[in-house]
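Chain and residue survey
Okay, here's what each chain looks like letter by letter:
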Amino acid sequence: MTPDSLVIRHYIFRAAKLWLIARMALSALIVLAGDNPLRLSFAAIIATIILVSFLGLVEVRRNREQSLLGNLGVSSQTVITMLSAPAVFGEALLWLLGQATE
């Protein structure tokens, strides 16, 4: 069973903002280190996705939304998927952009 589109939009938008903020901060650190932020290793990309998903879960727990989501029939796996989807698509897009600029 899929959650309501309102719930999906809210969590996807929240995760996209979180990914954008985290990626901008990580990119600034990478630039300060003297490297290209578009050309990350596969392990760094996976670590970024995991970091953003974890931060999203922390925010869900901090806002005490897990009970609401449970009452709406949204499983924890679905929440993790919604929180990691923007990071996966964003990192894939940046990886493709990095490959095109070589």
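Residues numbered from 1 in each chain as written. Predicted model: local features only at pLDDT ≥ 70, side-chain atom pairs only at ≥ 80, totals over all residues. Heavy atoms only, no water.

1. What to know about the side chain of Glu-65
The topology assignment puts Glu-65 in the loop between α2 (42-62) and α3 (66-71). For Glu-65, a relative accessible area of 13% corresponds to the buried category. If we ignore the near neighbours within four places in the chain, the residues touching Glu-65 are Tyr-11, Arg-14 and Val-60. (Helix = DSSP H or I, 4+ residues; strand = E, 2+ residues; numbered from the N terminus. Buried < 20%, exposed > 50% of the residue type's maximum accessible area, 1.4 Å probe, protein only. Contact = heavy atoms within 4.5 Å.)

2. Overview of unusual backbone geometry
The backbone of Arg-64 sits at a positive phi, close to 55°, despite the residue not being glycine. If you trace the backbone, Arg-64 turns up in the loop between α2 and α3. A relative accessible area of 71% places Arg-64 in the exposed class.

3. Topic: the pattern of salt bridges
Tallied over the entire structure, the rule returns three salt bridges. Here Arg-14 ties to Glu-59 by a salt bridge, and the two come within 3.9 Å at their closest N and O atoms. On the criterion of sequence distance, the pair formed by Arg-14 in helix α1 (residues 5-32) and Glu-59 in helix α2 is long-range, its members being 45 residues apart. Of the charged contacts, one joins Arg-23 and Glu-91 as a salt bridge, the two residues approaching to 3.1 Å between their closest N and O atoms. Within this pair, whereas Arg-23 is found in helix α1, its partner Glu-91 is found in helix α4 (residues 76-100), the two being separated by 68 residues in sequence. By relative accessible area, Glu-91 is classed as buried at 2%. The structure contains a network of salt bridges with shared partners spanning Arg-14, Glu-59 and Glu-65. (Salt bridge = Lys/Arg side-chain N within 4 Å of Asp/Glu carboxyl O.)

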